[in-house]
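# Results of the structural survey
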There are 8 protein chains.
Amino acid sequence: MEQVKNGKLGVADAVEKLRQLPFEDIGFACIDHHRQLRCGLPEVIFCPGKTTEQIIQIFQRLAERGGNVLATRAEPAVFEALSKKIPQAHYEPLARAITLEQKKSEPSKHAIPIITAGTADLPVASEAKVTAEIMGQRTELISDVGVAGLHRLFGHLPKIQNANCLIVVAGMEGALASVVGGLVSCPVIAVPTSIGYGASFNGVAALLTMLNSCAANVSVVNIDAGFSAGVVATLINQKIESAESGLK
Amino acid sequence: MEQVKNGKLGVADAVEKLRQLPFEDIGFACIDHHRQLRCGLPEVIFCPGKTTEQIIQIFQRLAERGGNVLATRAEPAVFEALSKKIPQAHYEPLARAITLEQKKSEPSKHAIPIITAGTADLPVASEAKVTAEIMGQRTELISDVGVAGLHRLFGHLPKIQNANCLIVVAGMEGALASVVGGLVSCPVIAVPTSIGYGASFNGVAALLTMLNSCAANVSVVNIDAGFSAGVVATLINQKIESAESGLK
Amino acid sequence: MEQVKNGKLGVADAVEKLRQLPFEDIGFACIDHHRQLRCGLPEVIFCPGKTTEQIIQIFQRLAERGGNVLATRAEPAVFEALSKKIPQAHYEPLARAITLEQKKSEPSKHAIPIITAGTADLPVASEAKVTAEIMGQRTELISDVGVAGLHRLFGHLPKIQNANCLIVVAGMEGALASVVGGLVSCPVIAVPTSIGYGASFNGVAALLTMLNSCAANVSVVNIDAGFSAGVVATLINQKIESAESGLK
Amino acid sequence: MEQVKNGKLGVADAVEKLRQLPFEDIGFACIDHHRQLRCGLPEVIFCPGKTTEQIIQIFQRLAERGGNVLATRAEPAVFEALSKKIPQAHYEPLARAITLEQKKSEPSKHAIPIITAGTADLPVASEAKVTAEIMGQRTELISDVGVAGLHRLFGHLPKIQNANCLIVVAGMEGALASVVGGLVSCPVIAVPTSIGYGASFNGVAALLTMLNSCAANVSVVNIDAGFSAGVVATLINQKIESAESGLK
Amino acid sequence: MEQVKNGKLGVADAVEKLRQLPFEDIGFACIDHHRQLRCGLPEVIFCPGKTTEQIIQIFQRLAERGGNVLATRAEPAVFEALSKKIPQAHYEPLARAITLEQKKSEPSKHAIPIITAGTADLPVASEAKVTAEIMGQRTELISDVGVAGLHRLFGHLPKIQNANCLIVVAGMEGALASVVGGLVSCPVIAVPTSIGYGASFNGVAALLTMLNSCAANVSVVNIDAGFSAGVVATLINQKIESAESGLK
Amino acid sequence: MEQVKNGKLGVADAVEKLRQLPFEDIGFACIDHHRQLRCGLPEVIFCPGKTTEQIIQIFQRLAERGGNVLATRAEPAVFEALSKKIPQAHYEPLARAITLEQKKSEPSKHAIPIITAGTADLPVASEAKVTAEIMGQRTELISDVGVAGLHRLFGHLPKIQNANCLIVVAGMEGALASVVGGLVSCPVIAVPTSIGYGASFNGVAALLTMLNSCAANVSVVNIDAGFSAGVVATLINQKIESAESGLK
Amino acid sequence: MEQVKNGKLGVADAVEKLRQLPFEDIGFACIDHHRQLRCGLPEVIFCPGKTTEQIIQIFQRLAERGGNVLATRAEPAVFEALSKKIPQAHYEPLARAITLEQKKSEPSKHAIPIITAGTADLPVASEAKVTAEIMGQRTELISDVGVAGLHRLFGHLPKIQNANCLIVVAGMEGALASVVGGLVSCPVIAVPTSIGYGASFNGVAALLTMLNSCAANVSVVNIDAGFSAGVVATLINQKIESAESGLK
Amino acid sequence: MEQVKNGKLGVADAVEKLRQLPFEDIGFACIDHHRQLRCGLPEVIFCPGKTTEQIIQIFQRLAERGGNVLATRAEPAVFEALSKKIPQAHYEPLARAITLEQKKSEPSKHAIPIITAGTADLPVASEAKVTAEIMGQRTELISDVGVAGLHRLFGHLPKIQNANCLIVVAGMEGALASVVGGLVSCPVIAVPTSIGYGASFNGVAALLTMLNSCAANVSVVNIDAGFSAGVVATLINQKIESAESGLK
């Protein structure tokens, strides 16, 4: 039959791969165990909307698999309850992140710079940092270098111009992403934050600024999505480093 | 009576001033003849929503008073019709502005820099320029120095750091206003433009960026409002120059 | 080379200036010490999103430089903690502003009128007032003269018609800025406030009103941005006064 | 049964009235013949989205009933085609309204003032005027008295302070409704128009201004809804006049 | 001079009237004493954004004038404090309104029906009711007759079809205003409420529904603005009744 | 009369039916007793905006009629108070629903699958489940099978491909509805949830995704409207099952 | 392995089904041939954004398979070009739909009522009608029965109360869906249309009204999505009718 | 001085680099010649808002430098005029892109897959393709594999799972980005397109979907920003390939 696509065999193979992916259904959650196998992604729990009990139960199942575990946006009370069951877990209060590092990887050769416009953007930057680090990346935090005082940014130019990729975290008008984007030749992951007031509309102003960046090397993640930025930057850095080491 | 405010006499005086302001009712328009007397503002016609006939008729009445006249957002066809009646009128196509200069004033001592992020912002910048010039200001257009290539802006630093006030015109992400605001110590009038696409939302992104500017010396006018920016900058420059010359 | 721009030398100079600007990196914040030198701007801390500890630490560093310090949007608890370390600091509860005045400047000759539409707009007006005053300006608060009772505004006409520039603070429909703008020939800095309910959308209605003002001498700052309005008005008034005194 | 409401008889009567209302189904439209009987409302056709043929056919059916007919937002081409079939129909180009007056009523004793902020608001004001007039009202158009030049409005104060109700038509920032509302003690029907640009968002700015009016006697109709304003004002004026003449 | 408008004398008179309006400046508030004289409007305080002390102080000044006073959106704690100073004041908890009735007027002949779509709309309806009543109107509350069960509305048809004007209060989809508007021939004042969830956007859905009503006798006030609806309805009813009694 | 529609008799009959529908006016609420008679809908109370006292009183009246009663979005404290009066009432905390099952119906033959993208969507899914079950439906909850791990969904394909209709509950980007819609040939009721952060805008992102679904068998209810989804799915399933059993 | 889910076999089967679905890649489009096999859905082309040549080529491929073909939102010029290649194709101008009926199915026993609020909603209603009909459904169009004249709707009550499901098409305020939803006990598919002006925001007002419907049997499709409504209603009606005939 | 930062020397160096960047001021545009030198970025012109004359003039200056030139969003008429001056320029009509390839680079080893949800997304995908190709990348276009027919996507799984990074282009609900993101372990650049109607709001729905993607490896560019996606993907692929070849 001529209407049947040639690549059919490929489909079967691909689907077969999908089908055999391990996951585990614990009633209220389907735990996905194949992510870590594939690309070093930790097992991740997004806490809001889940009860403390659900979070602990999912965390335990993930921990049993032996890999690293990350729970984002966890309130202190959640960690307090969880640490009684899993005492090795660690809490980073600024990032509101719980981590369990069971597999230490060699730290990455290149550090990922994480640049913030203001001090108030630190919690989001911190989430990106924790995320990248639990995935084996070195990071370098460059804080409070917003565009109203460009000279503060210039002190860090050498560092940011040598990076494989950059994370820029900014609220209010979010202009830092464009300025940094114009100064470097690597991909810039921009994270708008909900810092600001009035017409910042909880981060919408910064989000729009970044989406409309006249620097074409900028791509954007959700408002306050430090986690996503950490993942995207890690994936880029990992691929480059494994290419360098010929492991790819 | 103790409830009556002391300043009453002042009220009477002020109201008296208001009452005696000359205006002229020509049926569809109330022409306001006192603005020019007061502060050198030209008589101004905002063309959209008016018929060509209405525009010409208002323009003629204003012209008869002997002052300068400015019509903004005038389509070429409007000018063509109008120039048959008022041959001395001039058309600036980029700004879509018709001007009639009947009273030449001494050009201002300080020039007002008008800075654009991109070439596409020129029409709005041009409206600001025409407006300031018909009010007697010298202007200096600095074009296409957007934040994705900061070095282009730096060539103009001396000029912009000596100005009494600045106009910054930018679309897309509008970050130029914040960057310029951080480099100078004078008031910056920011004009968002509708240049851009997608999430620029016809200038909303640039507007929000400018309103949320982390540089506190930035104030903002409406999207594409080159005219307003020209007026505000002129008023500031005029007041400083008349203070300098002791005329105030 | 003909492609090389003439102004190059100027670039070098300007960049040199930027490069030598003093700042201080204390880990979570890059403190910018050159603003006050340049134009009398106080050192300013925007408190939201910063921990009390961070605020105190930044405040102390700024205070050590000997200039005036302003912390905006500071909750009473922040002041309470801070005043133990810096007993000379002063708190203005309505404005939620902490000030430390270490350098008294001669009060400005012209007062800046700050006009509010309603009593509920006072906190924002108060922030503008505190900001302008710590920068050496005299201010005059004209409160509760919204457009639903125009006669209340008329009592103040003489004062507002003699000002170098005006601040108008209004929530709800924000129409006061246009009305005042039509009565004066100086720049009007309009501050929309989040006062109102329903379709005021936390100040968006007032913001849009002001941006669309048919009075062309109105420029706008962010919703509730009393601080920005205070800065812009101060810069205008300062420039005019130094021109008058020939100090410019 | 005790759960059955007492007012039942009233329901039956009311429903009976509804049931007997005459209407006529011509396939694509259900023509409603009872409105005119009830309160002097003309038969009305809202033209957008209807084909010229549909408009003519509905207009003819309505005309056959002998009352007055009004078609709003009719393009000139529609009128041209319609006037061949119904030569007595009249077209008001500014309002884009077609009228057929078959029943002349005594003109109302009180005129309804229709006040516009600018010349560009005239088409919407005109629709309100045509609507009120075909319903037997006298109107008085007061044009171009926007808040940037309050003295133009003051010339009309006696007229507007004696009205039974007022229509205020304004685009851009729409502040005129609040100012007028504060000067009178009758209901004000505010009509925002789509006149403006940039952050006027096709009338949204004016709409929000009017909804948030600090003058409590203001109620609002849809953007550009001259027709609705004309109807509401007519109903108020009619009721007062019939009370005066004891006909009610 | 031919440019001077004829109506000038009228201007002087009108301005004279404005000028002599009594008001009282107590620092943070300009109290407007002429409203009650003119049209029976009570003195009104909108509480949000004012401190308890400010509210009490304004309330006392207003009370001293001898007329009726109304404070809207007053929290119970405000009333508790106020009632110690003014024991005759009354609190309506559902409406969150404080009233002081010092001048009893004859209740109106016609009652104003206030119709709600659901039980949750009662607080807003209650504010309208309190407002109308302190201005001397009789009201009739018809509750919970939303469009999902039309038969509940039909029981009240006789009452609503005889009214001079109607208030319709509805949240969620706000369709009740259109349905009622289609059943009556008097003006309908529609009040959207913030009742609902999800895509009701705190009353925006109901607001848009009402603004787009296909019933042309509907005009709209702000979301939750029971007070405005009460004022507009009162003004209409008052004018009709005074016409009836020949007092106008 | 030829203009009178033929179907008139039908109108009379229909109106007669409407007129005789039982309802009960208890002052603040009009209780509608005919819904359950008609189609098995339980009596339902939407709790937000009602006082606990009002909820209990309405619940009691409904319970007296002998059918099933459902109260949605009831806080635990409401249930606590209510259960003292009606001890047989049951509370489902996840769904925040109170149920009183007085009439047990035969469970439906076909189960309605309720599919959630994530664990945090369970409360909304739970409301749909409780709603469908009190109306006699069997349901099957398939949880946490979002599109970022499609293999988790594939394990449930047989179940979902045999259903009469499906409910899909998803927050964040809401893509699950489109994916499921493409895999089945029955109607899919999509429920966006307010789960997410930043640019999810409390469910708006998921709502828009679902409304724009490229799968044409998807229709959408309000954000978090588990109740509506439960009702629509029940009505579809009921009609099919009664057709199967020839009862229709 | 205990982590492996039981339903695995089902997965394999389901995936196998997916894998074998016929589709055809013609470079710019992947034509999906399995939809019709599954549930009688016609092959459908959404025309906007496709060139006339692409549309014709896809249409021809679909036609060769022998089933019915539907192209929605096709401009007349597209049909003109297409009909030269496929002369049996039919064009419904109001719906802008091209149909090719190659397989006549028995018309459905129950008609699907399609109810419009106004004449201007007919194009969208027409798209729903064409869609349902090419899928074998009988439809009944009930036009122009909007809520401002409820008596027009009542004439059709018997028809709409006997339907298996209903489509309601309405623009402007979209209230018809709630009113109809309250009168029937079957699922109502609501289609908001972009008919209206001003604050209708091209259908957003109607969309929000329908999403917030207080009638719980209403679900909603995209603005102007007559096609989706036709599909959803068809699926419901088909399932009920095949249950009735025991074919399911 | 202890307040002076250590990294100062680095600042000087970095600033020096900035200062020496070549650019060329041709009056209306500042042409930036250093981008290509740095990272292989072509010289790029964004055409909207520029006159044909401006575009040609900028294009010629860029071409004289000998590198590759790209003009995006160029209307056919622009190309027609330009090709008379620069006959070697090439036009890609679907992408509306003009290219001038003067420097052929070795094509990249890895192809960048560009995946579209529908045929109508091809213009945007095409812009991404042209952009990546002029920067030396091989691309692979996978078209029309939207989520309503997942089996079409599965045929391409092997290709997309081996890529270094992916571009996903989708309008309407934009769900494809999340689905693809969940199937791969490389960065996904998501491009929302303005394809759709109604509540797609010209691409906003797809934009929000992608920003809220539950797949954390997705980052987003502006609506219709094929160019930005092409740049970001190229930068990632280039860095990986130069790492592989040890050239970095």
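Rules and cut-offs
Residues numbered from 1 in each chain as written. Chains lettered and ligands numbered in written order. Predicted model: local features only at pLDDT ≥ 70, side-chain atom pairs only at ≥ 80, totals over all residues. Heavy atoms only, no water. Helix = DSSP H or I, 4+ residues; strand = E, 2+ residues; numbered from the N terminus. Buried < 20%, exposed > 50% of the residue type's maximum accessible area, 1.4 Å probe, protein only. Contact = heavy atoms within 4.5 Å. Areas by Shrake-Rupley, 256 points an atom, 1.4 Å probe, with all protein chains shown as cover. Domains from an automatic or database assignment. Buried area = accessible area lost by both parts, 1.4 Å probe. Salt bridge = Lys/Arg side-chain N within 4 Å of Asp/Glu carboxyl O. Polar contact = N/O pair within 3.5 Å; in protein donor to acceptor, adjacent residues only side chain to side chain. Phe/Tyr/Trp six-rings, centres within 6.5 Å; stacked < 30°, edge-to-face > 60°. Lys NZ or Arg CZ within 6 Å of the ring centre and 35° of its normal. Least-squares fit on C-alpha atoms with pLDDT ≥ 70 in both. Pairing = 2+ DSSP bridges. Axes fitted to C-alpha atoms, helices over the stretch in contact; angles between N-to-C directions. pLDDT = per-residue confidence, 0-100. Right-handed = clockwise from strand over helix to strand, strands pointing away. Parallel < 35°, antiparallel > 145°, perpendicular 65-115°, else oblique. Left-handed = near helix turned anticlockwise from the far one by under 90°. Nonpolar A, V, L, I, M, F, W, Y, C, P; charged D, E, K, R; others polar. Disulfide = S-S within 2.5 Å.

### Notes on the overall build of chain A
Each helix and strand in chain A was counted, giving 10 helices and 11 strands. Going through the 248 residues of chain A one by one, you find that 67% of them count as buried. The long-range share in chain A, meaning contacts at least 24 apart out of those at least 6 apart in sequence, stands at 68%. Here chain A displays about 8200 Å² of accessible surface, and carbon together with sulfur accounts for 52% of that area.

### With respect to the domain arrangement of chain A
All names here are of chain A. Entries for chain A in the domain assignment read domain 1 (2–100) and domain 2 (112–247). Facing the 16 residues of domain 1 at the interface are 14 residues of domain 2. Buried surface at the junction of domain 1 and domain 2, both sides included, amounts to about 1100 Å², of which 71% is carbon and sulfur. Here domain 1 is connected to domain 2 by 1 salt bridge.

### With respect to the interface of chain H and chain B
How large an interface is tends to be reported as the accessible area lost when its parts come together. Between chain H and chain B, the residue contacts involve 24 residues of the former and 16 residues of the latter. Summed over both sides, the interface between chain H and chain B buries roughly 1600 Å², with carbon and sulfur atoms accounting for 64% of that surface. Taken together, the links from chain H to chain B amount to 0 salt bridges. For the interface between chain H and chain B, the tally reads 2 residue pairs in polar contact (both at pLDDT 80 or more). For the side of chain H that touches chain B, the secondary-structure elements that each account for two or more residues are β1 (23–25), β2 (30–32), α2 (34–39) and α9 (204–211) of chain H.

### A few points about helix α9 (residues 204–211) of chain G
Where burial is concerned, most of α9 of chain G is hidden: 8 out of the 8 residues are buried. Looking at α9 of chain G, one finds that the buried residues are Val-204, Ala-205, Ala-206, Leu-207, Leu-208, Thr-209, Met-210 and Leu-211 of chain G.

### So, the packing of aromatic side chains
By the definition in use, this model includes 20 aromatic pairs over all chains. Note on Phe-46 of chain A and Tyr-197 of chain F: the rings are 5.6 Å apart at their centroids and 35° apart in plane angle, and the pair reads as tilted. In this pair, Phe-46 of chain A is assigned in strand β3 (residues 43–46) and Tyr-197 of chain F in the loop between β10 (188–192) and α9 (204–211), connecting two distinct chains. Between the aromatic rings of Phe-154 of chain E and Phe-154 of chain G, the centroid separation amounts to 6.0 Å while the plane-to-plane angle is 75°, which identifies the pairing as edge-to-face. Of the two residues, Phe-154 of chain E sits in helix α6 (residues 150–154) while Phe-154 of chain G sits in helix α6 (residues 150–154), which places them in two different chains. Comparing Phe-154 of chain E with Phe-154 of chain G shows no difference in burial state: the two are buried. Its guanidinium or amino end placed over the ring of Tyr-197 of chain G, Arg-73 of chain D lies 3.8 Å from that ring's centre, counting from NZ or CZ.

### Observations regarding the environment of Val-169 of chain D
All names here are of chain D. Structurally, Val-169 can be placed in strand β9 (residues 166–170). Sequence separation of Val-169 and Asp-224 is 55 residues, and the distance between their C-alpha atoms is 8.5 Å. The residues contacting Val-169, other than those within four sequence positions of it, are Ile-114, Ile-115, Thr-116, Ala-117, Asp-121, Val-124, Ala-125, Val-191 and Thr-193.

### Quick notes on the relation of the copies chain H and chain B
Structural alignment of chain H on chain B gives an RMSD of 0.0 Å, achieved by rotating through 90° and translating 0.0 Å along the axis. With respect to symmetry, the two chain copies, as superposed, fit the operation of a four-fold axis. Taking C-alpha positions as reference, the residue of chain H nearest the rotation axis is Phe-201 of chain H, located at 7.5 Å.

### Structural notes on the sheet that holds strand β5 (residues 90–92) of chain H
Residue and element names in this part refer to chain H. In space, the 4 strands of this open sheet follow the order β3-β4-β6-β5, with mixed pairing throughout. Each edge of the open sheet is held by one strand with a lone partner, namely β3 (43–46) and β5. Across the sheet, the mean angle from the axis of one strand to that of its neighbour is 20°, orientation sign disregarded. Bridge analysis of β5 against strand β6 (residues 97–100) gives 3 bridges, and the strand direction is antiparallel. Bridged to Glu-92 within β6 is Ala-97. Of the strands in this sheet, β3, β4 (69–72) and β6 touch helix α3 (residues 52–64), which is tilted by about 175° from β3. Sheet strands touched by helix α5 (residues 122–134): β4, β5 and β6. Its angle to β4, the strand with the most contacts, is close to 170°.

### Some details on the sheet that holds strand β4 (residues 69–72) of chain E
Residue and element names in this part refer to chain E. Taken in spatial order, the 4 strands of this open sheet run β3-β4-β6-β5, and their pairing is mixed. Sheet topology places β3 (43–46) and β5 (90–92) at the edges, where each strand pairs with a single neighbour. Pairs of neighbouring strands in the sheet enclose a mean axial angle of 20°, with direction left out of account. When β4 meets strand β6 (residues 97–100), the two strands line up antiparallel, connected through 3 bridges. Across the sheet, residue Leu-70 finds its bridge partner in β6, namely Thr-99. Here helix α3 (residues 52–64) sits on the sheet in contact with β3, β4 and β6, set at roughly 175° to β3.

### Focus: the environment of Ala-77 of chain H
Residue and element names in this part refer to chain H. Structurally, the position occupied by Ala-77 is in helix α4 (residues 76–85). Given a relative accessible area of 54%, Ala-77 falls into the exposed group. Along the primary structure Ala-77 and Arg-138 are separated by 61 residues, whereas in three dimensions their C-alpha atoms are 29 Å apart.

### Thoughts on the confidence of the model for chain A
Residue and element names in this part refer to chain A. Averaged over chain A, the pLDDT score is 87; the fraction of residues at 70 or greater is 85%. Low pLDDT (under 50) marks residues 1–11, which in the prediction has 14 contacts with non-local residues, meaning those over four places away or in another chain. As scored by the predictor, the complex reaches a pTM of 0.91 and an ipTM of 0.88.

### Details of the pairing of strand β3 (residues 43–46) of chain C
The side chains of a regular strand alternate, residue by residue, between the two faces of the sheet. Residue and element names in this part refer to chain C. Examined bridge by bridge, β3 and strand β4 (residues 69–72) share 4 bridges and lie parallel to one another. Bridge pairing links Ile-45 to Ala-71 in β4. Handedness of the β-α-β unit built from β3, helix α3 (residues 52–64) and β4 comes out right-handed.

### Side note on the packing of helix α10 (residues 226–244) of chain B against helix α10 (residues 226–244) of chain C
Interhelical geometry of α10 of chain B versus α10 of chain C gives an angle of 20° and a closest axis separation of 7 Å. Viewed along their axes, α10 of chain B and α10 of chain C adopt a mutual orientation that is roughly parallel. For the pair α10 of chain B and α10 of chain C, the crossing hand works out as right-handed. Residues Ile-236, Lys-239, Ile-240, Ala-243 and Glu-244 of chain B of α10 of chain B touch α10 of chain C, and the partners they reach there are Ile-236, Lys-239, Ile-240, Ala-243 and Glu-244 of chain C. For the contact of α10 of chain B with α10 of chain C, the per-class residue count stands at 6 nonpolar, no polar and 4 charged.

### Remarks on the side chain of Ser-143 of chain A
By secondary structure assignment, the location of Ser-143 of chain A is in the loop between β8 (138–142) and α6 (150–154). Among the polar contacts made by the side chain of Ser-143 of chain A, one reaches the side chain of Thr-116 of chain A at a distance of 3.4 Å.

### Topic: the state of the cysteines
Throughout the structure, instances matching the rule amount to 0 disulfides over all chains. Unpaired in terms of disulfides, Cys-186 of chain F finds its nearest cysteine sulfur in Cys-165 of chain F, a separation of 6.4 Å.

### Quick word on the environment of Glu-173 of chain H
For Glu-173 of chain H, the location among the structural elements is in the loop between β9 (166–170) and α8 (176–183). Taking C-alpha positions, Glu-173 of chain H is 27 Å from Ile-236 of chain H, a pair spaced 63 residues apart along the chain. Leaving out residues up to four positions away in the same chain, Glu-173 of chain H has contacts with Ser-178, Thr-209, Asn-212, Ser-213 and Cys-214 of chain F together with Val-147, Ala-205, Ala-206 and Thr-209 of chain H. A distance of 2.4 Å separates a polar atom in the side chain of Glu-173 of chain H from a polar atom in the side chain of Ser-178 of chain F.

### Thoughts on the pairing of β8 of chain A
All names here are of chain A. Where strand β7 (residues 111–116) lies against β8, 5 bridges are found, and the strand directions are parallel. Paired with Ile-115 across the two strands is Ile-142, which belongs to β8. Tracing the backbone out of β7, into helix α5 (residues 122–134) and back to the parallel element β8 gives a crossover that is right-handed.

### Some remarks on unusual backbone geometry
Not every positive phi belongs to a glycine, and Met-172 of chain G is a case in point at roughly 45°. A relative accessible area of 22% means that Met-172 of chain G is categorised as partly exposed.

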